[in-house]
Amino acid sequence: MTMIPAFPMESRFLRACARRKVDTVPVWFMRQAGRYLPGYRALRAKHSILEIAKTPELACEATLEPIRKFPLDAAIIFADILLPLEAMGLRVRFSPAPEIDRPIRGPSDLKRLASRPEADSLFFVGEAIRLVRRELDGKVPLIGFAGAPFTLASYMIEGGPSRDFLRTKALMRESPGAWRSLLDRIVRVTLSYLRMQKASGAQAIQLFDSWAGALSPEDYRRHILPATKRLFSGLKGLGAPLIYFGSGASGFLEDFARAGSDVVGVDWRIDIAEAFRRLPGKAVQGNLDPALLLAPAPVLKKAARQILRQASGRRGFVFNLGHGILPQTPPDNVRRLAEWVHQYGGGRRK
Ligand code: CP3
């Protein structure tokens, strides 16, 4: 009997997402298109990050630079998790840390948000995806992405990066009606945005929950999980593997996985072997500390091999970092790391 593959494309990365056999471990890096690359820095000397994201030719160039330079198994579309905030009626600036004008501080501020947020205004991301797919010509698959509900809500409420998330936690715990209504709007616009990305050619979808680690397990279960579940269930059946990355979420990894993704992305605060044990039935992505990309080559190599050893013999492993590449990263280390993953990840047929 022939099995119908869950995800049709025969790439190493998509096969690993579907927990199928691969010749060697696939690798890509979060924030692989960014300031550590000379081409991106030259682009940024002439254009703002929003100009790059909103001009498909420039976004395509930024997306492809790491693919041209390094043996990576997936591309990720150049965009930012904060773009949908504009579709919801907020103004976002990058300097380069994001700043949101007039953030949501209480229930009455919700009235300022677009009543029926639609992702149509983000059409430029779809155009960039179509352009990148044409240029890639099947070489490697293209990942689309969005921010997860908690991480996006925290930016909308705090107005920028935050250490303690005090305003977010206050709204979440003290105004449950407003909190639910905010998450509901985020889920609706994100669903329409990600469906548009898929329809434009994205072959996998990653949700970034970069600040999930600010939450207790109980807060995650009670205030976040229902929204994240709704989001993933609305994306199921699109034919693209769903990846859910969380930073600092290993204290509630099982609940995090219940959100419903196919692949769970973990950071370096947990061993990959333990992540596999705690995530039966899931593919796992991660989890090298990005600071190690600044280390001397032998230190980096040892750390990468340690992760590969822990994952060896497991189906469904995608090598990545535990968070995004840092701007100080030497590009040569990125190349070396990708080569080592392929070299040492293929030891045993998986
Ligand atoms: O991965 C890629 O290469 C694709 C592009 C991408 C960007 N942002 C472009 C960008 C992706 C996947 C993101 C996701 C993103 N954006 C996240 C989740 C991942 C993570 O690192 O946690 C978050 C939290 C943001 C919000 C954001 N955008 C911040 C906090 C900043 C400023 C500081 C920083 O982290 O770089 C940005 C700006 C931004 N988005 C840059 C890039 C390349 C750097 C700004 C610049 O070019 O000057």
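Residues numbered from 1 in each chain as written. Predicted model: local features only at pLDDT ≥ 70, side-chain atom pairs only at ≥ 80, totals over all residues. Heavy atoms only, no water.

## Notes on the overall build of the protein chain
Threshold: Numbering of helices and strands runs from the N terminus, with a helix taken as a DSSP run of H or I at least four residues long and a strand as a DSSP run of E at least two residues long. Throughout, the radius of gyration refers to the C-alpha atoms, and the reference size of a globule is 2.2 Å times the residue count to the power 0.38. Throughout this description, buried means an accessible area under 20% of the type-specific maximum (1.4 Å probe, protein chains only), exposed means over 50%, and partly exposed covers the range between. Only heavy atoms enter the contact rule, under which two residues are in contact if any of them lie within 4.5 Å.
Looking only at helices and strands, the protein chain features 14 helices and 9 strands. Taking 350 residues into account, the globule formula puts the C-alpha radius of gyration at 20 Å, and the protein chain, at 19 Å, falls close to it. Seen along its three principal axes, the alpha-carbon backbone of the protein chain occupies a region of about 60 × 45 × 45 Å. Within the span of the protein chain, comprising 350 residues, buried residues form 58% of the whole. For the protein chain, the proportion of contacts with a sequence separation of at least 24, taken over those separated by at least 6, is 73%.

## Overview of the pairing of strand E6 (residues 242–246)
Two faces belong to every sheet, and in a regular strand the side chains alternate between them. Worth spelling out the cut-off: For two strands to pair, DSSP has to find at least two bridges joining them. Viewed with both strands pointing away, a crossover whose connecting path from the first strand over the helix to the second turns clockwise is right-handed.
The buried fraction of E6 is high, at 5 of 5 residues. Side-chain alternation along E6 places Leu242, Tyr244 and Gly246 on one buried face and Ile243 and Phe245 on a second face that is also buried. Of the strand pairs in this sheet, strand E5 (residues 204–209) and E6 are connected by 5 bridges, and their pairing is parallel. By the bridge assignment for E6, Ile205 is matched with Leu242. The parallel pair E5 and E6, bridged by helix H10 (residues 217–235), forms a crossover whose chirality is right-handed. The pairing of E6 with strand E7 (residues 263–265) spans 3 bridges and is classified as parallel.

## With respect to the packing of helix H7 (residues 149–158) against helix H8 (residues 166–174)
Going by this rule: Helix axes use the C-alpha atoms of the stretch in contact, all axes being lines fitted to C-alpha atoms, and the angles between their N-to-C directions lie in the range 0 to 180 degrees. Angle categories: roughly parallel below 35 degrees, roughly antiparallel above 145, roughly perpendicular from 65 to 115, and oblique for all the rest. Amino acid classes used here: Ala, Val, Leu, Ile, Met, Phe, Trp, Tyr, Cys and Pro are nonpolar; Asp, Glu, Lys and Arg are charged; the rest, including Gly, are polar.
Between H7 and H8, the least distance of the axes is 8 Å, while the angle of their chain directions is 110°. One finds that H7 runs roughly perpendicular with respect to H8. Between H7 and H8, the residues in contact are Phe150, Ser154, Ile157 and Glu158 and Leu166, Arg167, Thr168 and Leu171, respectively. Its residues assigned to classes, the contact of H7 with H8 shows 4 nonpolar, 2 polar and 2 charged.

## Side note on the sheet that holds E5
Spatial ordering of the open sheet is given by E1-E4-E5-E6-E7-E8-E9, a layout of 7 strands whose pairing is parallel. Each end of this open sheet is capped by a strand with a single partner; those strands are strand E1 (75–76) and strand E9 (317–321).

## Structural notes on the pairing of strand E4 (residues 142–147)
The element E4 is largely enclosed, with a buried count of 6 among its 6 residues. As paired strands, E1 and E4 are joined by 2 bridges and run parallel to one another. Residue pairing across strands places Ala75 opposite Leu142, the latter belonging to E4. Relative to E5, E4 runs parallel, the two being bridged by 5 bridges.

## So, the side chain of Thr151
Rules: Distance and chemistry together define a polar contact, namely a pair of N or O atoms within 3.5 Å, with one atom able to donate a hydrogen and the other to accept it when in protein, and with adjacent residues in sequence counting only for side-chain atoms on both sides.
Its location among the elements puts Thr151 in helix H7. In this structure Thr151 comes out as buried when scored by relative accessible area, which is 0%. Within the structure, Thr151 has its side chain in polar contact with the backbone nitrogen of Trp211 (distance 3.1 Å). With residues near it in sequence (within four places) discarded, Thr151 still touches Ile81, Phe208, Asp209, Ser210, Trp211 and Ala212.

## Topic: H7
Within H7, 10 of the 10 residues are buried, leaving the element largely enclosed by the surrounding structure. For H7, every residue scored as buried is listed here: Pro149, Phe150, Thr151, Leu152, Ala153, Ser154, Tyr155, Met156, Ile157 and Glu158. Of the residues flanking the end of H7, it is Gly159, one or two places downstream, whose phi is positive at about 85°.

## Regarding the packing of aromatic side chains
Threshold: Aromatic rings from Phe, Tyr and Trp, with only the six-membered ring used for Trp, were paired whenever their centres fell within 6.5 Å, and each pair was classed as stacked if the ring planes differed by under 30 degrees, edge-to-face if by over 60, and tilted otherwise. Our definition puts a charge over a ring when NZ of Lys or CZ of Arg is within 6 Å of the ring centre and also within 35 degrees of the ring normal.
Summed over the entire model, instances satisfying the criterion amount to 12 aromatic pairs. Centroid distance Phe317 to Phe319: 6.2 Å. Interplanar angle 75°. Geometry classified as edge-to-face. The class of Phe319 is buried, set by a relative accessible area of 0%. Joined through ring pairs, the aromatic side chains of Tyr220, Phe232, Tyr244, Phe252 and Phe256 make up one cluster. The lysine or arginine in question, Arg305, covers the ring of Tyr344, its NZ or CZ lying 3.7 Å from the ring centre.

## Notes on the site of the ligand
Worth spelling out the cut-off: Near residues are defined by distance, with any heavy atom within 4 Å of the molecule or strand qualifying the residue. All accessible areas in this document rest on Shrake-Rupley with a 1.4 Å probe, and a residue is counted as covered only by the protein chains that are shown.
Neighbouring the ligand are 22 residues, the closest being Arg35, Tyr40, Asp80, Ser210 and His323. Here an oxygen atom of the ligand and a side-chain polar atom of Arg35 are 2.3 Å apart. Here the ligand, which alone exposes 840 Å², has 91% of that area covered by the protein. Residue composition of the shell around the ligand, by class: 15 nonpolar, 3 polar and 4 charged.

## Remarks on the environment of Leu50
By the element assignment, Leu50 lies in helix H3 (residues 49–54). For Leu50 and Ala79, which are 29 residues apart along the polypeptide, the C-alpha to C-alpha distance reads 8.4 Å.

## Quick look at unusual backbone geometry
Residue Ser95 is joined to Pro96 through a cis peptide bond whose omega torsion reads -20°. Within the element layout of this structure, Pro96 appears in the loop between strand E2 (92–94) and strand E3 (98–100). With an omega of -10°, the peptide bond running from Gly286 to Asn287 counts as cis. By the secondary structure assignment, Asn287 is in strand E8 (residues 283–288). Even without a glycine there, the phi angle at Arg31 is positive, about 60°. Here Arg31 is to be found in the loop between helix H1 (12–17) and helix H2 (38–46). Its identity as a non-glycine residue notwithstanding, Asp137 has a phi of 50°, on the positive side. On the accessibility criterion, Asp137 (67% relative accessible area) is exposed.

Any link to function would need more than the numbers given here.
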